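# Working through the structure, step by step
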Amino acid sequence: MTTISALIPTHNRREVVLRAIDSVLSQTVPVDEVIVIDDGSTDGTAEMIGSRYGSRVVVIQQENAGVSAARNRGIREARGEWIAFLDSDDVWLPTKIERQLEALAALGDGFGACFTDCVYDGDPNKKASVFQETGFEEVRKFGPLEQPARYVAAGREPFFLPSLMVLRSLLEGNDGFDESMVAGEDTDLMFRLCFRTRFCFVGERLIRIDRTPCRTEALSDIFGASRDDRKFDNLARQYAKWLKMPEVAGTEYEEPILKMLRLVCYDSAECKIHQLRIGPALREIGRLRKTGAGYPMIAATLFRRKIAKLRRGRARTPQVPVRQAIL
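Residues numbered from 1 in each chain as written. Predicted model: local features only at pLDDT ≥ 70, side-chain atom pairs only at ≥ 80, totals over all residues. Heavy atoms only, no water.

### Some thoughts on the overall build of the protein
Within the protein, the regular secondary structure consists of 12 helices and nine strands. Here the C-alpha coordinates of the protein stretch approximately 70 × 55 × 45 Å along the principal axes. Put simply, the protein has 327 residues, and 47% of those count as buried. For the protein, long-range pairs separated by at least 24 residues make up 76% of all intrachain contacts whose partners lie at least 6 apart in sequence. About 16,500 Å² of surface is accessible on the protein, with carbon and sulfur atoms providing 53% of the total. (Helix = DSSP H or I, 4+ residues; strand = E, 2+ residues; numbered from the N terminus. Buried < 20%, exposed > 50% of the residue type's maximum accessible area, 1.4 Å probe, protein only. Contact = heavy atoms within 4.5 Å. Areas by Shrake-Rupley, 256 points an atom, 1.4 Å probe, with all protein chains shown as cover.)

### Looking at unusual backbone geometry
In this structure, N12 takes a positive phi of about 55° despite not being glycine. Judged by relative accessible area, which is 32%, N12 ranks as partly exposed. Positive phi, close to 50°, is recorded for Q147, a residue that is not glycine. For Q147, the location among the structural elements is in the loop between β7 (142-145) and α6 (148-153). Overall, Q147 belongs to the partly exposed group, its relative accessible area being 36%.

### Considering the side chain of R71
With respect to the helices and strands, R71 occurs in helix α3 (residues 67-77). Here the side chain of R71 touches D87 through a polar contact of 2.9 Å, side chain to side chain. If near-sequence neighbours (up to four positions away) are discounted, R71 is found in contact with L7, P9, F85, D87, L161, F177 and E185. (Polar contact = N/O pair within 3.5 Å; in protein donor to acceptor, adjacent residues only side chain to side chain.)

### Structural notes on the pattern of salt bridges
For the structure shown, the criterion picks out 24 salt bridges. Between K272 and D229 there is a salt bridge, with the nearest N and O atoms lying 3.0 Å from each other. Taken as a pair, K272 in helix α9 (residues 254-274) and D229 in helix α8 (residues 229-243) lie far apart in primary sequence, 43 residues in all. When the shortest N-O distance is used, the salt bridge between R277 and D229 registers 2.6 Å. Note that R277 is positioned in the loop between α9 and α10 (278-290) and D229 in helix α8, a separation of 48 residues in sequence. Given a relative accessible area of 27%, R277 falls into the partly exposed group. In this structure, a network of salt bridges that share partners links the residues E98, R99, E102 and E204. (Salt bridge = Lys/Arg side-chain N within 4 Å of Asp/Glu carboxyl O.)

### As for the packing of aromatic side chains
Counted by the stated rule, this structure contains 15 aromatic pairs. Ring geometry for Y120 against F160: centres 6.1 Å apart, planes inclined by 80°, an arrangement best described as edge-to-face. Pair noted here: Y120 is in strand β6 (residues 111-121) and F160 is in the loop between α6 and β8 (165-167), with a separation of 40 residues, a long-range link. Measuring from ring centre to ring centre gives 5.6 Å for F195 and Y253, while their planes differ by 80°; the resulting arrangement is edge-to-face. In this pair, F195 sits in the loop between α7 (185-193) and β9 (198-210) while Y253 sits in the loop between α8 and α9, placing the two residues 58 residues apart along the sequence. F195 gets classed as partly exposed once you look at its relative accessible area, which sits at 26%. According to the relative accessible area criterion, Y253 is buried, its value standing at 9%. What links up through ring pairs into an aromatic cluster is the set F115, F131, F136, Y151, F159, F199 and F201. When the ring centre of W92 is taken as origin, the NZ or CZ atom of K96, which lies over that ring, is 4.3 Å away. (Phe/Tyr/Trp six-rings, centres within 6.5 Å; stacked < 30°, edge-to-face > 60°. Lys NZ or Arg CZ within 6 Å of the ring centre and 35° of its normal.)

### Observations regarding the environment of T116
Of note, T116 is situated in strand β6. The exposure class assigned to T116 is buried, which follows from its relative accessible area of 0%. Spatially, the C-alpha atom of T116 lies 6.1 Å from that of G203, the residues being 87 residues apart in sequence. Dropping the residues within four chain positions of it, T116 is found in contact with Q100, F131, S163, V202, E204, L206 and I207.

### Some thoughts on helix α2 (residues 45-53)
Owing to its 3.6 residues per turn, the α-helix brings residues three or four apart onto one side. Restricting attention to buried positions, one finds in α2 the residues T45, A46, I49 and Y53. Looking down the long axis of α2, one finds its buried residues gathered within 95° of arc, a one-sided arrangement. Facing away from the buried side of α2, by more than 90 degrees, are the exposed residues E47 and S51. Packing partners of the buried residues in α2 comprise β1 (4-10), α1 (14-25), β2 (33-39) and β3 (57-62). (Arc of directions from axis to C-beta.)

Here you go:
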C-alpha cells in the first residue's frame with residue numbers, strides 16, 4: 001500500500017500553521033504521518049501543536065537554519081514512500097491526496113512526481129490559479145507532463161511545491177533542497193527532479209496559496225525586491241549550477257539557461273552602477289565575461305538598457321500643460 005508523509009516547515013507562524021495542519025488531517029484519504037519541522041520558532045509553536053493534536057502530529061524542533069534545512073530534516077525523518085509538501089501559510093483542499101493517488105494509479109509506473117493546480121488567495125492582482133498564470137490550460141482531469149524541464153527553462157513552470165507529491169527515494173542523500181539558497185530552492189529542486197523521474201498533473205485547483213500583500217514577510221518575497229542582492233546572487237548561483245549538470249550541457253536547455261544567467265548579471269550590474277557600487281558592479285561584469293560576453297557587448301547592452309529605462313521613465317511622467325507650469 002502507498003504510504004505518504006506530509007511535511008510542513010514553519011517559523012513563528014503559530015496561528016497560521018494550525019490551519020495548514022487541519023487541512024492535512026481533513027483529507028478524504030488520510031496521510032500516514034504529519035511532520036511539522038519547527039525551525040527555531042520563539043512563539044510557542046511546538047507547544048501549541050502538541051497540546052492541540054497530540055500524537056497525531058510529529059513535531060521536530062531545530063535551531064533556526066532556514067526552510068531548506070527544515071524540509072531536508074523532514075525528509076530524513078519521514079517514513080512514507082511518498083513525500084507531500086505544504087507551506088505553513090497554505091492549505092490543501094480535502095480531496096488533494098485522493099485525486100493525486102487516482103492519477104498515479106491510472107497512469108501506471110514510472111511517475112515519481114505528481115502536482116495539482118493551485119488557487120491564489122489574498123492578492124487581486126494575481127491570476128486566479130498557477131495553471132492560468134503560467135499558461136498551462138489543461139482541460140484533462142489528469143495526465144502526464146512531458147519534458148517538464150522545458151517549462152522551468154522557459155520560466156513558466158506550472159508546479160508549486162505545496163501541490164507536489166514525490167517519491168522519497170528521489171530526495172534522499174544529496175538530492176534534496178540546496179541549503180545555501182535563501183530563495184528559489186523549490187524551483188531548483190523541481191528542475192533537478194525533471195531529469196530523475198516523470199511528472200504527472202491533476203487538473204484541479206486543490207491548494208490555496210496565501211499571497212496576501214500584508215502577510216508576514218516570507219523568503220519568497222525576496223524575488224519581489226528588485227534591488228535585493230540576495231535575489232541576484234541566488235539566481236546567478238542557481239543558473240550556474242544548472243549549466244554544470246550533465247543533463248543540461250550541450251542540450252536544448254543550455255542556451256535558455258545561459259540567457260537567464262546573463263539577464264540576472266545585467267540586472268545586478270545595472271542596479272549596482274545606479275547605486276554607485278563600482279566594485280560589486282565590476283564583479284558582475286566579471287560574471288558576464290565568464291558567460292562568453294565580451295566587454296564591447298557588455299558596455300553596449302548596459303547603455304541600451306539605461307536609455308530604455310530613461311525612456312520608460314519619461315513615458316510615465318505626466319505631461320504638465322505649459323500655461324499651468326508658468327502659473
